[in-house]
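Understanding the architecture of this molecule
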Amino acid sequence: GMSKEKIALRRAMGMAYDDAEEIRVVHNGQAEKMHYPVPPGVVGYLPNFRSADKHNVKLANALLDKFGYKVGADGFRQWPDGKRLAITYTSRPDSLGRQQEEMWQKTFNSIKIRMESDKKKFPEILKAEKACQLQMRTNRWIADYPDGDNFFQLFYSKNIGQSNYSCADVPGYDEMYEKSARMQAGPERDALYVDMARL
């Protein structure tokens, strides 16, 4: 959803997640933090872009408090309307899946949100993703072509069930994406990409 409290929940989750620890523990130092949807070496990459959200568990908890995610008697936060809040995290039943799940379990514990585990084999995950039946999982994207469009199209609602596995349907994004798709690579498209990344 795009209500303020749901945006706050996603921001808090992002702020609570420790990218540096994932790089160190899960990837043995063989990765680098991404600040922008377009990676280095791809047309449209902006090396100086930095997200406003940094790893900050204290601030993540304060944000959840501000938007009414109260901690219940069981020690976990509830939705602002008082209903049970739980995030279902889907992962593969292999060592990488276990490590990623452990990272997210630690993250959710730090902001007092209940996480439920859903183990699926890779083909089952793909099937569920295409049907928009997953709430959350960690996924990678291998570019088909070396242009920023290859990454921004992942959030285009008309690609739901194809490459938009997050099933994102964000008001205003599609219009910006369609405009960017008609533009040549360059400063004007880069400026639009920044707006899209921030949205």
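Above: the structure in question.
Here's a quick rundown of the structure. Given the structure is predicted, the values throughout are model-derived calculations rather than measurements.

1. Some words on the overall build of the protein chain
Broken down by element type, the protein chain carries eight helices and two strands. Counting from the amino terminus, the protein chain carries its helices and strands in the arrangement α-α-α-β-α-β-α-α-α-α. C-alpha atoms of the protein chain, sized along the principal axes, occupy 55 × 35 × 35 Å. Each of the 199 residues in the protein chain was classed as buried or not, and the buried ones make up 39%. Long-range contacts, defined as pairs at least 24 residues apart, comprise 60% of the intrachain contacts of the protein chain with a sequence gap of at least 6. When the accessible area of the protein chain is evaluated, it comes to approximately 11,800 Å², of which 52% is carbon and sulfur surface. Considering the protein chain, the positive charge centre built from 31 side chains and the negative charge centre built from 27 side chains are found 4 Å apart.

2. What to know about the pairing of strand β2 (residues 114–119)
Here strand β1 (residues 86–91) runs beside β2; their pairing, made up of six bridges, is parallel. The partner of A86 across the bridge, within β2, is R114. Crossover connection from β1 via helix α4 (residues 95–110) to parallel β2: handedness right-handed.

3. Focus on helix α8 (residues 187–198)
Along its 12 residues, α8 runs 17 Å from first to last C-alpha, staying within 8% of the 16 Å computed at 1.5 Å per residue. Listing the buried residues of α8 in full gives R189, D190, L192, Y193, V194 and M196. Tucked inside the fold, the buried residues of α8 contact α6 (149–152) and α7 (173–181).

4. Section: the packing of aromatic side chains
Applying the stated criterion across every chain yields a total of eight aromatic pairs. An angle of 25° between the planes, with centres 4.3 Å apart, marks the rings of Y17 and W104 as stacked. Highlighted residues: Y17 in the loop between α1 (4–16) and α2 (19–25) and W104 in helix α4, separated in sequence by 87 residues. W104 shares its class with Y17; the two are buried. The rings of Y36, F49, F152 and Y193 are connected pair by pair, giving a single aromatic cluster. The cationic tip of K6 hangs over the ring face of W79; the distance from NZ or CZ to the ring centre is 5.7 Å.

5. Some details on the state of the cysteines
Applying the stated rule across the entire model yields one disulfide. Linked covalently through their sulfurs, C132 and C167 form a disulfide whose S-S length is 1.9 Å. Here the disulfide of C132 and C167 is left-handed, its torsion about the S-S bond being about -100°. Highlighted residues: C132 in the loop between α5 (122–130) and α6 and C167 in the loop between α6 and α7, separated in sequence by 35 residues. Using a relative accessible area of 21% as the deciding quantity, one classes C167 as partly exposed.

About the criteria used
- Residues numbered from 1 in each chain as written.
- Predicted model: local features only at pLDDT ≥ 70, side-chain atom pairs only at ≥ 80, totals over all residues.
- Heavy atoms only, no water.
- Helix = DSSP H or I, 4+ residues; strand = E, 2+ residues; numbered from the N terminus.
- Buried < 20%, exposed > 50% of the residue type's maximum accessible area, 1.4 Å probe, protein only.
- Contact = heavy atoms within 4.5 Å.
- Areas by Shrake-Rupley, 256 points an atom, 1.4 Å probe, with all protein chains shown as cover.
- Lys, Arg positive; Asp, Glu negative; His and termini not counted.
- Charge placed at Lys NZ, Arg CZ, Asp CG, Glu CD.
- Pairing = 2+ DSSP bridges.
- Right-handed = clockwise from strand over helix to strand, strands pointing away.
- Expected span 1.5 Å × (residues − 1).
- Phe/Tyr/Trp six-rings, centres within 6.5 Å; stacked < 30°, edge-to-face > 60°.
- Lys NZ or Arg CZ within 6 Å of the ring centre and 35° of its normal.
- Disulfide = S-S within 2.5 Å.

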